[in-house]
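Residues per chain are reported as follows:
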Amino acid sequence: MNDALTTDRISHLIDAAIDRPGDDPIFSLNNEAKARAAAGEDILNATIGALMEDDGRLCVMPAVFDAYSSVPPSKAAAYAPIAGDPPFLRAVIEDTFGSRTSDAGTFASRSVAVATAGGTGALHHAIVNFLDPGQALLTTEYYWTPYKIIANHTRRAVETFEMFDDAGRFNLKAFEESLTWSISRQGRALVVFNFPCHNPTGYSLDDEEWAGVANIVREAGRRAPVAFLNDLAYARYGVDGSESWTEHLETMAETAVVLVAWSASKTFAQYGARIGALVALAADADERERIANAISFSCRGTWSNCNHLGILAITELLINAELRSRVDAERAGLIEALGARVEVFNREAESLGLDYPRYEGGFFVSLFTPDAELTAATMRAEGVYIVPMKGAVRVALCSTPTPAIPRLVAALKRGIEAAGGVAQAASDANDKRGNATS
Ligand SMILES: Cc1ncc(COP(=O)(O)O)c(C=O)c1O
């Protein structure tokens, strides 16, 4: 036996893999909360990123299961095509641009797509095909941590820009400067946004902010190859008008490739199905073909083919009129229940003068604090679990029972004050969000 392999000093792992964290901090917090609840404590767990009923059961949409049972076993059991079944891809493209823009037909005809393992898979394919190893994607300073995990795992990185300006609005200036810097350093850029209902802040860009973003992307695209990805994980939970980004597609697509990470996870409350898609809108036909080939190659080079039962069932939900209207109605019920929580949260948080971005809908909201770890620890001592980040804590309203929201908000106030954060006068907090919506 090779002595080197028996000593403590040598690992079989390569250097890059040797110190990987084995646990996800959010899952660890969730486990701790569950253990305390099982031991009889009155625990409020606002860490879980899935939509739950007030009684703690996972929300499901029954029509989805009818769609599953309508799929013939011999089709479900067969391999899916590597890029995904064409009817699924057409349905996803239609769903992405669909009724939401006057130019839907044009965008659909200029788009290609592949099926992916959730939105996560779509992000993976975007990162490996639109950035070289060593380069960095550009996103907001608050972002879903797996962006960094996927980037690091594929030997890329993440760079961020300040998300909000002094008025609490999206910081267009910081975005423009960072994009310019990315391009001057790398000769290309991949921008990753997650609106509406951004995780973790809950923020949705308004039409004026989207217009600003689209102009910046178009101008940057004149100087270098720019890919702009919008991660639509929570898009269906936004309020009316929050998907107005599609009205600015034409501007961005003039010079940039527009990518969409589409996901069935939240849209159909099917987190475990692992169904998603990467959609790419490119004006030039040759470029479209190259992109279609590249992202299909990435499917083969990762999972080969996605879950066929899931693809076929989700296709039915998108194209079968009866199933679609049922599932849309079921989702509308969930959105209404979540909307009621958002309303209670805003009322309570505003009355206590808490500092947080405009929040109109979606699974999460974040509150600013000078010391998030201390805020979270103070709240845990009271049995309330939220997720600390740099400069803010994330609250999952999606899994917080409505009657528990006043307790949650009161604990947030104490946690933020313990960290040296000062609640604003309620009227100041309202003004700030009032400005933000204008
Ligand atoms: C911001 C964001 N993007 C993408 C995803 C990907 O989800 P999935 O891979 O289940 O589609 C999630 C899931 O939590 C998310 O929060």
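Residues numbered from 1 in each chain as written. Predicted model: local features only at pLDDT ≥ 70, side-chain atom pairs only at ≥ 80, totals over all residues. Heavy atoms only, no water.

The next point concerns the overall build of the chain. From N to C terminus, the chain includes 19 helices and twelve strands. A compact globule built from 438 residues should have a C-alpha radius of gyration of about 22 Å, and the chain, at 22 Å, falls within 12% of that. Over its C-alpha atoms, taken along the principal directions, the chain stretches across nearly 70 × 55 × 50 Å. The 438 residues of the chain split such that 53% are buried. Expressed as a percentage of contacts within the chain between residues at least 6 apart in sequence, the contacts between residues at least 24 apart total 75%. (Helix = DSSP H or I, 4+ residues; strand = E, 2+ residues; numbered from the N terminus. Rg over C-alpha atoms; globule rule 2.2 N^0.38 Å. Buried < 20%, exposed > 50% of the residue type's maximum accessible area, 1.4 Å probe, protein only. Contact = heavy atoms within 4.5 Å.)

Turning our attention to the pattern of salt bridges. By the definition in use, this model includes 25 salt bridges. Here Glu209 makes a salt bridge to Arg169, at a shortest N to O gap of 3.9 Å. With Glu209 in helix α11 (residues 207-223) and Arg169 in the loop between β4 (157-161) and α10 (172-186), this pair connects stretches of sequence that are 40 residues apart. Across the salt bridge formed by Glu254 and Arg222, the nearest N and O atoms sit 3.6 Å from each other. Separated by 32 residues along the polypeptide, Glu254 in the loop between α12 (249-253) and β7 (257-263) and Arg222 in helix α11 bring together distant segments of the chain. (Salt bridge = Lys/Arg side-chain N within 4 Å of Asp/Glu carboxyl O.)

Okay, the site of the ligand next. Around the ligand sit 14 residues, and of these Thr120, Asp231, Tyr234, Ser263 and Ser265 come closest. Within the backbone of Gly119, a nitrogen or oxygen atom sits 2.6 Å from an oxygen atom of the ligand. Here an oxygen atom of the ligand sits 3.4 Å away from a polar atom, N or O, in the side chain of Trp144. Out of a free accessible area of 390 Å², the ligand has 92% covered by protein chains. Judged by the proximity of its atoms to the pocket grid, the ligand belongs to the largest pocket. Ranked by the residues each element gives to the shell around the ligand, the list is headed by helix α8 (residues 118-130), at three residues. Each residue belonging to the shell around the ligand can be placed in one class, and the counts come to four nonpolar, seven polar and three charged. (Near = heavy atom within 4 Å. Polar contact = N/O pair within 3.5 Å; in protein donor to acceptor, adjacent residues only side chain to side chain. Areas by Shrake-Rupley, 256 points an atom, 1.4 Å probe, with all protein chains shown as cover. 1 Å grid on protein atoms, 1.4 Å probe; cavity = no way out; pocket = protein on both sides within 12 Å on 5 of 7 lines; lining within 4 Å. Sits in = over half its atoms within 2 Å of the grid points. Nonpolar A, V, L, I, M, F, W, Y, C, P; charged D, E, K, R; others polar.)

All right, on to empty space enclosed by the protein then. Per the stated rule, a full pass over the model turns up one cavity of 30 Å³ or more. When residues of the lining of the largest cavity are traced back to their parent elements, those giving at least two are α6 (86-97) and β7. (Points joined across faces, edges and corners; volume = space filled by probe spheres on them.)

Summarising burial for strand β8 (residues 276-281): six of the six residues are buried, a large majority. Residues of β8 alternate between two faces, with Gly276, Leu278 and Ala280 on one and Ala277, Val279 and Leu281 on the opposite face, all of them buried. Pairing geometry for strand β2 (residues 111-116) and β8, over six bridges, is antiparallel. The residue of β8 that forms the bridge with Ala113 is Val279. Looking at chain direction, β7 and β8 are connected through six bridges and run antiparallel. Opposite Ser263, over in β8, you have Gly276 as the bridge partner. (Pairing = 2+ DSSP bridges.)

Of all the positions in helix α9 (residues 146-153), only Pro146, Tyr147, Ile150 and Ala151 are classed as buried. Looking straight down α9, one finds its buried side chains confined to an arc of 140°; they lie on one side. Across α9 from its buried face, at more than 90 degrees, point the exposed residues Ile149 and His153. The inward-facing, buried residues of α9 contact α8, β3 (136-140), β4, β5 (189-193) and β6 (226-231). Of the residues trailing α9, Arg155 is marked for its positive phi of about 65°. (Arc of directions from axis to C-beta.)

Looking now at the layout of surface pockets. In this structure, the largest pocket spans a volume of roughly 1600 Å³. Lining the largest pocket are 47 residues, with Asp24, Ile26, Trp144, Thr145 and Pro146 sitting closest to its centre. Looking at the lining of the largest pocket, the elements that each hand over two or more residues are α3 (25-38), α8, α9, α13 (264-267) and β11 (387-389). Ranked by residues supplied to the lining of the largest pocket, first place goes to α9 with seven residues. A breakdown of the residues in the lining of the largest pocket according to their chemical character gives 23 nonpolar, 14 polar and ten charged.

Model confidence for the chain is summarised by a mean pLDDT of 92, while 93% of its residues fall at 70 or above. Note on residues 429-438: pLDDT under 50 across the span, and 26 contacts to partners over four residues away in sequence or across chains. (pLDDT = per-residue confidence, 0-100.)

Grouped together as the largest cluster of nonpolar side chains are 83 residues, with contacts concentrated most on Phe88, Phe170, Phe175, Phe193 and Trp262. In this structure Trp262 touches Phe88, Val92, Asp95, Thr96, Gly118, Gly119, Phe268, Gly276, Ala277, Ile314 and Leu318, once residues within four positions along its chain are discounted. Membership of the second largest hydrophobic core comes to 27 residues, among which are Val114, Ala122, Leu190 and Ala227. (Core = buried A, V, L, I, M, F, W, Y, C linked by side-chain atoms within 4.5 Å.)

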